[in-house]
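Breakdown of the fold
If you want the building blocks of each chain, they are given just below.
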Amino acid sequence: MGNQIQTKDEFNTDAYNKLANEFRHVITDIICRSGSGHVGGALSLVEIIITLYYRIMNIDPKNPDMPERDRFVLSKGHAGPVAYTALAYLGYFPKTWLPTLNADGTRLPSHMDQIQTPGVDMSTGSLGQGISCACGLALAAKMNNEKHSVFCIIGDGESNEGQVWEAGLFASHNKLDNLVCICDYNKLQIDGTTNEVLSLEPLTDKWIAFGWEVFEMDGHDWDDIYDKINLAKKVKGKPSMIIAHTIKAKGCKIIEGTAGSHNIKVPDKEAHEKYMNALDGEKVTLPY
Amino acid sequence: MSLHDKEMRAVYAETLNELMEENNNVLCVEADLSKASGTNPTVIDKNKERFVNCGVSEANMIGVGAGLAREGKIPFCASFSCFASRRVYDQVTISCAYANNNVKVVGTAPGITQGPNGGTHMCFQDLAIMRAMPNMHVYSPCDVYELKAVMRYMAKEKQPTYMQLIRSQVGKVFDETYVFNPNKAVVLKEGSDVTLVSTGYMTQFTPKAAERLEAAGISVEVLHYPSVKPFDEKTLIASAKKTRAVVTVENQNIIGGLGGAVCEVLSENCPTLVKRLGIPDRFGEVATEEYLFKKHGFGLEHIISACMKMAKRGK
């Protein structure tokens, strides 16, 4: 029990699968403990977040403000619990903080908060704003002639926001090739499928038309994620968008692939157990 | 040309250039209104590499500003006050104030100074809504000397700030020796019958009003508030205790801005009769300043008349 993987270790599918399963148990548990929360969009990002934090980003948990670190903005700030799990497992703060999610006085609010939580580069939660902020981080790096990358994850529902597309224009106009965005395309938003609510298609063509280099990947396939992010990092002269095909609430059978998983209500212990028992993988002992 | 013979926006641009020369981190950020802000070509000519034009995308401009500020930059993000405040209120709230990112939001052409752009562009609530935002500092300098001092202060202090920037030339109130202190109102004149409180664009009219009132035998104490938040309560309370009558005047809706701040402070500390002058909860329109002053009752003559009435009522 417990995660033995350290960042930049040689990749091992079994160990990473085990870690992803542990993440899913933690995320579901801490959301259930708090009584409600955005579980669907956190579970859809588990493999992407683990890949970024464990294999891609140049970061140092002992020195969260290291100037040369890669920056990360979770523009879909409601997926906070998946990022908090990574931050806790890497040692930015004790794992005992995790079950304080959304509790009175917590430092782990449902939406990402740069003041409250160590390792968070940007406060997000009001959709559309994080990607603009990521553009600012990337532009500052260019001005300072710094070589780090800025990673940003946006939601597909979030892509309804006009500000996302303002940022899209800005990033390509300013040739922000140090900016790599990932769109968590689980094709579901609060009120239904993205096609029912406000169709994004053709999404890839839209970003190409906005002057971005665009990739698509299976957002649950370790190799595909790793390869596409590395390809995106190498792009010169324009920003990159990776459309990540994902499954909302991936791994939690009773809500997987449903719009209702966006925000679940967990009124009692029974409901808590129901969600935990619905998780696919082997049961884990929670680390707190 | 003396400084006070220049347009406020010209002094804004010149001061930005000075600040940029002194500190590499100061940036000029615009949303396709750089000519209106006065920074095009003045800032572009001297500091092209630190001039960022976001195009007509004010929401994105605020987010970009927040990202830049997070990296230690000091972005002065300007647009018309209607767009720099109400259009991007949530962006300023979350990306700047909630996150405590050091963004300087500059709302140009405040209130009726939008003139020919009319009702769509006249913003009468920016002081009120920005004041209601935690972490936000809200300034409204009244002349070129104060503008320079306020901008220097903004560049030095790491805190999200909203500043109104009048574009046109305005009457001289201060001189080169002026020092800005956001925690202190400026007592322009002492008096005992009535207190006249103003900010920003309207302050240039208060010395003349005071002169006319004195001639009519009314002793008016004149207070100018360059900072609406933080708000210097002490000076106001002391003055109200002395005069027992207060008139406020601002280039804003009378709801929630300077007049609102004055009423809040006085009703909690020193209940006093207050007359608020400004826009009486109406939208703007294409019109001259004289027309709007007359229609809404907050020009020089209205200020004088309100002070006379209040001096009597306060007794």
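Thresholds, definitions, all that
Residues numbered from 1 in each chain as written. Chains lettered and ligands numbered in written order. Predicted model: local features only at pLDDT ≥ 70, side-chain atom pairs only at ≥ 80, totals over all residues. Heavy atoms only, no water. Core = buried A, V, L, I, M, F, W, Y, C linked by side-chain atoms within 4.5 Å. Buried < 20%, exposed > 50% of the residue type's maximum accessible area, 1.4 Å probe, protein only. Helix = DSSP H or I, 4+ residues; strand = E, 2+ residues; numbered from the N terminus. Domains from an automatic or database assignment. Contact = heavy atoms within 4.5 Å. Buried area = accessible area lost by both parts, 1.4 Å probe. Salt bridge = Lys/Arg side-chain N within 4 Å of Asp/Glu carboxyl O. Polar contact = N/O pair within 3.5 Å; in protein donor to acceptor, adjacent residues only side chain to side chain. Nonpolar A, V, L, I, M, F, W, Y, C, P; charged D, E, K, R; others polar. Patch = residues over 30% accessible without salt bridge, like charges linked within 9 Å, V, L, I, M, F, W, Y side chains within 5 Å. Areas by Shrake-Rupley, 256 points an atom, 1.4 Å probe, with all protein chains shown as cover. Lys, Arg positive; Asp, Glu negative; His and termini not counted. Charge placed at Lys NZ, Arg CZ, Asp CG, Glu CD. Expected span 1.5 Å × (residues − 1). Pairing = 2+ DSSP bridges. Axes fitted to C-alpha atoms, helices over the stretch in contact; angles between N-to-C directions. Right-handed = clockwise from strand over helix to strand, strands pointing away.

Focus: the nonpolar core
- Of all hydrophobic cores here, the largest spans 65 residues; its most connected members are Leu-52, Tyr-53 and Tyr-54 of chain A.
- The dominant element in this core, judged by the number of residues it contributes, is helix α1 (residues 13-34) of chain A, at nine residues.

Looking at the domain arrangement of chain B
Residue and element names in this part refer to chain B.
- When the domains of chain B are assigned, the result is domain 1 (3-165) and domain 2 (186-313).
- In this structure, domain 1 and domain 2 have C-alpha centres spaced 26 Å apart.
- Counting from both sides, the interface comprises 29 residues of domain 1 and, opposite them, 31 residues of domain 2.
- Regarding the contact of domain 1 and domain 2, the summed buried area is about 2100 Å², with carbon and sulfur atoms giving 59% of it.
- Per-residue buried area on domain 1 facing domain 2 is highest for Ile-112, Phe-124 and Arg-131; these three make up 37% of the total on that side.
- There are one salt bridge connecting domain 1 and domain 2.
- Note that Arg-131 is salt-bridged to Glu-264, the shortest N-O span being 2.8 Å.
- Between the two partners, domain 1 and domain 2, sit 15 residue pairs in polar contact (both at pLDDT 80 or more).
- The element contributing the most residues to the side of domain 1 that touches domain 2 is helix α7 (residues 126-131), with four residues.
- Counted by class, the side of domain 1 that touches domain 2 contains 15 nonpolar, eleven polar and three charged residues.

Re a positive patch on the surface
Residues and elements named next belong to chain B.
- Together, Lys-275, Arg-276, Lys-309 and Arg-313 line one region of the surface with positive charge.
- Elements with a minimum of two residues in the positive patch: β12 (273-279) and α13 (300-313).
- Mapped onto the fold, Arg-276 is located in strand β12.

Re helix α8 (residues 144-156) of chain B
Residues and elements named next belong to chain B.
- For α8, with 13 residues, the first-to-last C-alpha span of 19 Å sits near the 18 Å given by 1.5 Å per residue.
- Of all 13 residues in α8, eleven are buried; the element is thus mostly enclosed.
- For α8, the complete set of buried residues consists of Val-144, Tyr-145, Glu-146, Leu-147, Lys-148, Ala-149, Val-150, Met-151, Tyr-153, Met-154 and Ala-155.
- For α8, the side-chain oxygen to backbone nitrogen distance between the N-cap and Tyr-145 is 3.1 Å, and the N-cap itself is Asp-143.

Things to note about the pattern of salt bridges
All names here are of chain B.
- This structure, assessed with the given rule, holds 23 salt bridges over all chains.
- A salt bridge links Lys-208 to Glu-211, with the shortest nitrogen-to-oxygen separation between them at 3.8 Å. Here Lys-208 pairs with Glu-211, and both are found in helix α9 (residues 206-215), just three residues apart, close to one helical turn.
- A relative accessible area of 42% places Lys-208 in the partly exposed class.
- Put simply, Glu-221 and Lys-242 hold a salt bridge, and the shortest N to O gap is 2.5 Å.

A closer look at the side chain of Ser-44 of chain A
Residue and element names in this part refer to chain A.
- By the element assignment, Ser-44 lies in the loop between α2 (40-43) and α3 (46-56).
- For Ser-44, the side chain forms a polar contact with the main-chain oxygen of Gly-41, separated by 3.4 Å.
- Once you skip the residues sitting within four places of it in the chain, Ser-44 turns out to touch Lys-76, Asp-184, Asn-186, Gly-219, His-220, Thr-246, Ile-247, Lys-248, Ala-249 and Lys-250.

Here's the deal with the environment of Glu-256 of chain A
All names here are of chain A.
- On the secondary structure map, Glu-256 appears in the loop between β8 (240-245) and β9 (264-265).
- For Glu-256, a relative accessible area of 32% puts it in the partly exposed group.
- Setting aside anything within four residues of it in sequence, one finds Glu-256 in contact with Ile-247, Lys-248, Ala-249, Lys-250, Gly-251 and Asp-280.
- In this structure the side chain of Glu-256 is engaged in a polar contact, spanning 2.6 Å, whose partner is the backbone nitrogen of Gly-251.

With respect to the sheet that holds strand β6 (residues 161-165) of chain B
All names here are of chain B.
- Sheet architecture is open: seven strands sit in the order β2-β1-β3-β4-β6-β5-β10, paired in mixed fashion. Bordering the open sheet on either side are β2 (51-53) and β10 (227-229), each of which pairs with just one other strand. Taking each pair of neighbouring strands and ignoring which way they run, the sheet shows an average axis angle of 20°.
- Here strand β1 (residues 26-30) pairs with β2 via three bridges, running parallel. Following the sheet pairing, Glu-30 is matched in β2 by Asn-53.
- Lying over the sheet, helix α1 (residues 8-22) contacts β1, β3 (74-80), β4 (104-108) and β6, oriented at roughly 140° with respect to β1.
- Its contacts with the sheet place α8 against β3, β4, β5 (137-139) and β6, and it is angled at close to 160° to β6.

Examining the pairing of strand β7 (residues 213-218) of chain A
Residue and element names in this part refer to chain A.
- In this structure, β7 lies alongside β8, joined through six bridges in parallel fashion. What sits directly across from Glu-216, in β8, is Ile-243.
- On the question of chirality, the crossover connecting β7 to the parallel β8 by way of helix α9 (residues 222-234) is right-handed.

Comments concerning the pairing of strand β4 (residues 179-185) of chain A
Residue and element names in this part refer to chain A.
- Within β4, seven of the seven residues are buried, which leaves it mostly tucked inside the rest of the structure.
- Going residue by residue along β4, you find Leu-179, Cys-181, Cys-183 and Tyr-185 tucked away on one face and Val-180, Ile-182 and Asp-184 tucked away on the opposite face as well.
- Remark: the strand β3 (residues 150-155)/helix α6 (residues 162-173)/β4 crossover connection has right-handed handedness.
- Of the strand pairs in this sheet, β4 and β8 are connected by six bridges, and their pairing is parallel. Note on β8: the bridge partner recorded for Val-180 is Ser-240.

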